[in-house]
Structures are given as structure tokens and as C-alpha cells.
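Results of the structural survey
This is what each chain is made of:
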Amino acid sequence: MRRKNDLGQDPVGALILRLALPTMLAQFINVLYSIVDRMFIGHIPLVGDLALAGVGVCGPIVTLLSSFSYLACLGGGPLFSMKMGAGDRNGASSILSNCLRMLLALAAGLSLLFFLLWKNLLWWFGASPDTFPYALTYMTIYILGTAFALMAAGLNNFLICQGRSGLGMATVVLGAGLNICLDPLFIFALDMGVAGAAWATLLSQAASCAFALAALTRPSMPVPLRWGQLDLAVCKKILTFGMAPFLTYALDSVILIILNTVLQRQGGPGEGDALLTCCSIVQSYMLLIAMPMSGITLGCQGVISFNLGAGSAQRVKKALKGVFALCFSFAGIMLAVTHLACPLFVRLFTQNEYLMGRSVTLIKVYTAGVLFLPVQWTAVDGSTALGQTRLALFCSLLRKTIFVSAVVGLPCFLPAASAFCAEPLCDVTAACVSAALFFRFTPRTLAAHCVPVDRDAAAAI
């Protein structure tokens, strides 16, 4: 695979593959951070199922923390690519340096806030007296590494924006590989239990952060990372662009927190913890679908933004089609895998026959609308890359509103497990609305930014 990609000249189809596949693989490997932890935790002798439920409570909170990195990297990424497409390297450098400052400020503020609130958060968001000790242990250690988590995710995106998808993948592979090696050592060999899983994650994220910093500061980068000057106007613009993707991912975490809370409250003693254990397994499987698909759309945002900045509607159009085709192909493969192999996946987490049977059924229910996800992902992340932040935000909030309404409403009339039906319901409904809006507004954006020769292509999208 080539190490460098010309976002403005290389054939779009091949370019999409070269950027999307490594980023997709990187996101897939990144999922291993949480999945591998849960696999090992579920097999801790005597307490594995309860410990898995406790860490399942922490999962959405951890993801919520990480989502703050998107304010900077997904706000600055499209702006950075547009500046590069327009040939403004100084402008791109300013965006990169100000994103670095924002990541550092967010890490400091979030660490302090969560240290003050995390015990209450665990009780509010689904912990029970039996699972609280495991959740508390994991979160106490994880919060110490907040800066590493945000910096690793945030800076890695700027490697991809510069066409260095291989380095972006290496950043994630380094952390995930180290985590896989440290988990059994800390959890079992050193008998650290849940604390060992948390320390393994923290150290792995620190390694990824160090690698991303080293890669971005190399003089050979098209726009190397420098401290630069603080520019509040640039920071404001980054926040404006980043708000939609941030809310997309942050609210994904919030709705999972709501799901955990509803399952615990509606399930009641015993049943609530069992449903949380199943939910932890179901969410782990869903990550195998959602995160690689997100990797495709995010990895190709640079192509879309660069060519929008360069005024080439034809290349933007081809990139959007290529992103959707890849996402849909992946979703189809994963739907087949779900119905053929998900029992094998569940066995990696628990040997409890009752939990295994329920988890397999709930995975099939939860992923029933997966073929509609490519529409939603392409519309939201494609709109962000095109600067259509309001459209991206609306589409994202619509999906989450439907999900929350169903999660809260269905268990009022049906058993607690009916909350899992909220996912396919929102997948189908939101995708249809998002597609209609995307095709309505995107031609205007292309016509406004691109050269006249390409406007016929813009109108055809």
C-alpha cells in the first residue's frame, strides 16, 4: 500500500479504498480496547458475570469521555483538509496547533469534573450494589488516563487528513496490541482483576498518544504539528464544525447510559444485572459493526473536504458514492455473520448458558436494521465533511430522539428486554429521513463551492 495519497489527483475509487480500509481496520482494532477487556473480565473466576455487568455500566461513560476529542479532531479535520485543498498550508497549521490546545484543555477539565462526579454517575447510570465495586474500580483508574485517550484519538485524525492512513492505523494497532498483551498479564497472572484491565487500557492509550505525537511532529509531514499561536477565532470555527459530530458520538453514549438505566430499573433485582451483562455483550458486538463503518466515513472525510475546497464537485460526488458502497458492503457481510456466528462470539464472554441464549437472541434483535446504517453514516459524516453542520446535527439528533423514546416507552408496556428493539426502529426511521434531507440540500452546497464546469455533476448527485 502506498504511504502517500494525493487527495486531489489520485483516482477517487482507489483513493477511497486506500484511505477507508486502513481506517476501517484501525477502528476495528480500536474496538478491541473495550471488547478484549470485557472478554477477559467475563472469565474472572466466580465473579466474572457481575464484573462484566459493572464494566458494562462504565462502557458508555468511557465512550462519552472519548467523544470530546471529536470536538477538536472532527471539527478541525474538515477545516484542515479544506485549507490543504486550497493550498493554504499556514492556515492548516494554525488549525492543527489550535486543535492541540483544545484537546489539552478538554482533557484537564474533564478529568477534574469526572473525579468529582464519577461515584454518583455510576449509581445514576445503572450500577447495583453487586456491580458497583467493579464499576468504581475500573472508572477510578481509567479517568487517570483521560488525556491519553483524548490525545490519541484526536491527533490520529490529522494523520489521516494528510493522507497518512497507514500511520493512523499504526497508532491504533500499537495501542490495541499492547492492550491485548497486558490484559491477561495484569488480570490473571498478577491477579489484579478489573483493576488490571483498566491499567492495561491506560498504558495502551499512553503508547498510542506518544506515537501519534511523534508521527505528527516529523518534518516530513505535509503540515507538521507545531505549537503555533492561539487563535480564538479559529477555535470558535473548529467548535462550530465539531459540535455536530461531537453530539453524534456523545449522545450515542448518553442513550446507552439510558438503556443501561432502564434495563436495571425495569428488570429489577437479579434480572437487571443479567440484562446488563447481556447488554455489555450486545454492545460489544454492535461496536464491531458501528466502529469500522464509522472508520470508513471518517477516513474519507478528508477526500470530500479537500475536493470541496479545491472546487471539484465531480470528485466529491464520486467520493460520497464510494463511501456508501463500502459501508453497505460491510453492513451486508456483518448481517450474515450475525446470523451464522454470533453464538461463537457470545462464548468469548461467558459460559453461563442462560446468559448465552439471551445474548444471542438480543444481538439478532439489536442488529436487525443494520443495512440502514450506511445511509445514516454517509449522510451525517458526509454532511460534516461538506460543512453542512446543521444538517448533520439534525439527522444525528433525530436518530437519538427516536432511540430514547423507544427505550423509555417500550418497557412501559412490554418486558424490560423490549428496550433492545429501539435500535432497529431508529435505524430504519432515521435513515429514511436523513437520506431525503441529504439529497435535498447537498446539491446546493456543491454548486456554491465548486467551479461552474462541475455544477452539472453537482446537480446529478
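For the structure, see preceding data.
Procedures and definitions
- Position numbers for residues count from 1 along each chain, tracking the sequence in the order it is written.
- Residues qualify for local features only when their pLDDT is at least 70, as the model is predicted, and side-chain atom pairs are given and counted only at 80 or more; totals for whole chains, interfaces and linings, by contrast, use all residues.
- Heavy atoms throughout the structure, all of them, feed into the side-chain values; hydrogens and water do not.
- Burial classes: relative accessible area under 20% of the type maximum marks a residue as buried, over 50% as exposed, and values in between as partly exposed (1.4 Å probe, protein chains only).
- Patch membership is restricted to residues that have no salt bridge and whose relative accessible area is over 30%. Joining uses 9 Å for like charges and 5 Å for the nonpolar side chains Val, Leu, Ile, Met, Phe, Trp and Tyr.
- Reported accessibility uses the Shrake-Rupley method at a 1.4 Å probe radius. Residues are deemed covered only where the shown protein chains occlude them.
- Here, a salt bridge means any Lys or Arg side-chain nitrogen found within 4 Å of an Asp or Glu carboxyl oxygen.
- Only DSSP runs of H or I reaching four residues or more are called helices, and only runs of E reaching two or more are called strands; each is numbered from the N terminus.
- For our purposes a nonpolar core is just a set of buried Ala, Val, Leu, Ile, Met, Phe, Trp, Tyr and Cys residues, chained together by side-chain atoms within 4.5 Å.
- Two residues qualify as a contact provided that any one of their heavy atoms is within 4.5 Å of a heavy atom in the partner residue.
- For Phe, Tyr and Trp, rings pair up if their centres lie within 6.5 Å, where Trp contributes its six-membered ring, and each pair is then called stacked (planes under 30 degrees apart), edge-to-face (over 60) or tilted (otherwise).
- Sitting over a ring, as applied to charges here, requires NZ of Lys or CZ of Arg to be within 6 Å of the ring centre and within 35 degrees of the ring normal.

1. Some thoughts on unusual backbone geometry
Unlike most non-glycine residues, Asp191 shows phi in positive territory, near 55°. Classification of Asp191 by relative accessible area gives exposed; the value is 67%.

2. Thoughts on a nonpolar patch on the surface
Nonpolar side chains collect at one region of the surface, where Phe115, Leu144, Leu185, Leu190, Met192 and Trp199 lie side by side and expose about 520 Å² of accessible area between them. Within the element layout of this structure, Trp199 appears in helix H8 (residues 194-216).

3. Focus on the nonpolar core
Core analysis: the biggest nonpolar cluster contains 112 residues, and Ile16, Phe80 and Leu259 have the highest contact counts within it. With 15 residues, helix H10 (residues 271-299) is the largest single contributor of residues to this core. Not counting residues up to four positions away in its chain, the partners in contact with Phe80 are Ala92, Ile95, Leu96, Phe158, Cys161, Gln162 and Val223.

4. Observations concerning the pattern of salt bridges
Taken as a whole and assessed by the stated rule, the structure comprises 6 salt bridges. Ionic pairing is found between Asp252 and Arg399, a salt bridge with its closest N-O pair at 3.9 Å. Here Asp252, found in helix H9 (residues 232-267), pairs with Arg399, found in helix H15 (residues 389-413); they are 147 residues apart in sequence, far enough to count as distant. Residue class for Arg399 comes out buried when judged on its relative accessible area of 6%. The closest approach of N and O atoms between Asp427 and Arg399, which form a salt bridge, is 2.6 Å. Of this pair, Asp427 sits in helix H16 (residues 422-449) while Arg399 sits in helix H15, placing them 28 residues apart in sequence. Summarising the burial analysis for this pair, Asp427 and Arg399 share the class buried.

5. Thoughts on the packing of aromatic side chains
Within the structure shown, the criterion is met by 10 aromatic pairs. Relative to Phe246, the ring of Phe68 lies with its centre 4.7 Å away and its plane at 50°, an arrangement referred to as tilted. Residue Phe68 is found in the loop between helix H2 (48-67) and helix H3 (69-85), and its partner Phe246 is found in helix H9; the two are separated by 178 residues along the sequence. Judged by relative accessible area, which is 18%, Phe68 ranks as buried. A relative accessible area of 9% means that Phe246 is categorised as buried. Centre to centre, the rings of Phe438 and Phe439 are 6.1 Å apart; their planes meet at 80°, and the pair counts as edge-to-face. Taking relative accessible area as the criterion, Phe438 reaches 8% and is therefore assigned buried. Overall, Phe439 belongs to the exposed group, its relative accessible area being 52%. Following the ring pairs from residue to residue traces out a cluster consisting of Tyr285, Phe345 and Phe349. The ring centre of Trp227 lies 4.2 Å from the NZ or CZ of Arg101, which sits over that ring.

6. Describing the environment of Ile95
Along the polypeptide, Ile95 turns up in helix H4 (residues 89-124). Classification of Ile95 by relative accessible area gives buried; the value is 5%. Considered as a pair, Ile95 and Gly77 are 18 residues apart in the sequence and their alpha carbons are 8.5 Å apart.

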